[in-house]
Amino acid sequence: MSNNDTEVAIIGGGAAGIAAGRRLRASGIDCLLIEARDRLGGRAWTVKENGFALDLGCGWLHSADRNPWAKIAEDQNRTIDRTRPPWTRPSLPIRFPLEEQHAFHQAMNDLYDRLEAMLAKGGDVAAGAALPPSGRWNNLITAVGTYISGAELDRMSGRDFINYQDTEVNWSVVEGYGATIAAAGSGLRAAFDCAVTRIDHSGPRLKIETVKGTIFADRAIVTLPTAVLAGNENIFAPALPEKIEAARDLPLGLADKLFVALAGAEEFEANTRVFAHTDRVATASYQIRPFGRPMIEVYCGGSHAAALEVGGERAFFDFAVAELTSLFGNDFAGRLKPIAMHCWGADPFAQGSYSYALPGLADRRAVLAAPVEERLFFAGEACSRGDFSTAHGGWFTGTAAAEAAIAARQRVQA
Ligand SMILES: Cc1cc2nc3c(=O)[nH]c(=O)nc-3n(C[C@H](O)[C@H](O)[C@H](O)COP(=O)(O)OP(=O)(O)OC[C@H]3O[C@@H](n4cnc5c(N)ncnc54)[C@H](O)[C@@H]3O)c2cc1C
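Worth saying up front: this structure is predicted, and the values here are computed from it rather than measured.

Reading the values: the criteria
Residues numbered from 1 in each chain as written. Predicted model: local features only at pLDDT ≥ 70, side-chain atom pairs only at ≥ 80, totals over all residues. Heavy atoms only, no water. Pairing = 2+ DSSP bridges. Helix = DSSP H or I, 4+ residues; strand = E, 2+ residues; numbered from the N terminus. Buried < 20%, exposed > 50% of the residue type's maximum accessible area, 1.4 Å probe, protein only. Polar contact = N/O pair within 3.5 Å; in protein donor to acceptor, adjacent residues only side chain to side chain. Contact = heavy atoms within 4.5 Å. 1 Å grid on protein atoms, 1.4 Å probe; cavity = no way out; pocket = protein on both sides within 12 Å on 5 of 7 lines; lining within 4 Å. Points joined across faces, edges and corners; volume = space filled by probe spheres on them. Nonpolar A, V, L, I, M, F, W, Y, C, P; charged D, E, K, R; others polar.

Okay, the sheet that holds strand E7 (residues 171-173) next. With antiparallel pairing, 3 strands are arranged side by side in an open sheet as E5-E7-E6. Both outer strands of the open sheet, strand E5 (60-61) and strand E6 (80-81), are each paired with one neighbouring strand and no more. Sheet topology note: the E5/E7 ladder contains 2 bridges and is antiparallel. Bridge pairing in E7 links Trp60 to Ser172.

Below, the structure is given as structure tokens:
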């Protein structure tokens, strides 16, 4: 088939779109990935810098013992690193003694316990409502909350926060999680640099308008990030206001990573985490020597990351240098050099990093995921009830949407 006609159009070539495409192809069904970028993977993106594969988007195979991307990485002969992640081991005790780290972890566990108790009878509260008034660890918990969810705890649904299913097994791929996901889609038919502007479902066939012309399809699987959908209320014709509203109720939080080269890195143990401040929300997490490499992975989240994005990579680097020199002394600055980063909030085809639900609106994930007229199907991390915000959530929802499309096709043919 040509690139302007397909049986199933998959809109977006990220983790969800690729999973959907693989499922359809396994059933012998023609499909086409329609992707706005010049590459597959979306928020999964590995770049090669200084001889290392760096994941600017997803890096951790979360829930790795049930994460289908782990098997795919193995099938691709990639190297899986099963070292326990830094957040499950003690951080460097500089300015953060081990007893305080213990107290912080206890406070973090208490937050989950308190939320569970508050929500035991139903309803919802903002996740931040479970923080103890004036708790010593509230700011650091909120900072870590922004790394987990991309937003401050008082902005997000507590119900959604505890719905997240985590087996607490976390691995990573030395050659890159993003590279794994993109390679998994390499055999699929795809149209690149082909942003979709409108999905017309008024006629007998779908008319998908793109910046490169119209593509006709019988069915479509829409995997657009919620922030992209939320800003495009005319993307469906006739309009689907319930989808746009659901996308608005599931905004994308922000998390950004900066990789910084570190001279003389060997003085640190591999995969060590350090915090420069435990008393404020606007602080970053530093993973020193990820995979034993001579670098630091700087992780910023929430409003703090959004504020830094205004100044671009330089602002992230200056911030990291200021925090790290406050820990290790002024000479440390001379050992640091920025390598790579991506501002996900400023990226027009993502407009954020991963989804969270607004308070009271955790059920909007199911609304977003529901098919329309047996021919528009929805997938993407935000559609997952328990694996949202992750690449494996993308996989599961993409596969489910493809299976729903296959079932709809069989009903029509029967
Ligand atoms: C900094 C960062 C760290 C992360 N860390 C982790 C982690 O450690 N582990 C983990 O599991 N997850 C992590 N994530 C989240 C993970 O990357 C995402 O949840 C996942 O990749 C989303 O996949 P998706 O297919 O739902 O969406 P996307 O990957 O966003 O795919 C949607 C696709 O649609 C395309 N698109 C957008 N607009 C249009 C348009 N108009 N027309 C056509 N195509 C369009 C996009 O270019 C994109 O390719 C991280 C994300 C970030 C940003």
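One can find Thr390 in the loop between strand E20 (376-378) and helix H12 (391-413). The buried category is assigned to Thr390, whose relative accessible area is 9%. Reaching out from Thr390, the side chain makes a polar contact with the backbone nitrogen of Gly393 at a distance of 2.8 Å. In contact with Thr390, other than residues within four places in its own chain, are His62, Tyr164 and Glu381.

The subject of this paragraph is empty space enclosed by the protein. Counted under the stated rule, the structure contains 2 cavities of 30 Å³ or more. In this structure, the largest cavity encloses a volume near 220 Å³. Taken together, 20 residues form the lining of the largest cavity, with Trp60, Ser172, Pro290, Phe291 and Glu297 sitting closest to its centre. Mapped by element, the contributors of at least two residues to the lining of the largest cavity are strand E4 (52-55), E7 and strand E14 (255-262). Here the lining of the largest cavity takes 3 residues from E4, the largest share from any one element. Counted by class, the lining of the largest cavity contains 9 nonpolar, 5 polar and 6 charged residues. What the second largest cavity holds in volume is close to 50 Å³. Contributing to the lining of the second largest cavity are Arg43, Thr223, Leu224, Pro225, Thr226, Leu368, Ala379, Gly380, Glu381 and Ala382. Its residues assigned to classes, the lining of the second largest cavity comprises 5 nonpolar, 3 polar and 2 charged.

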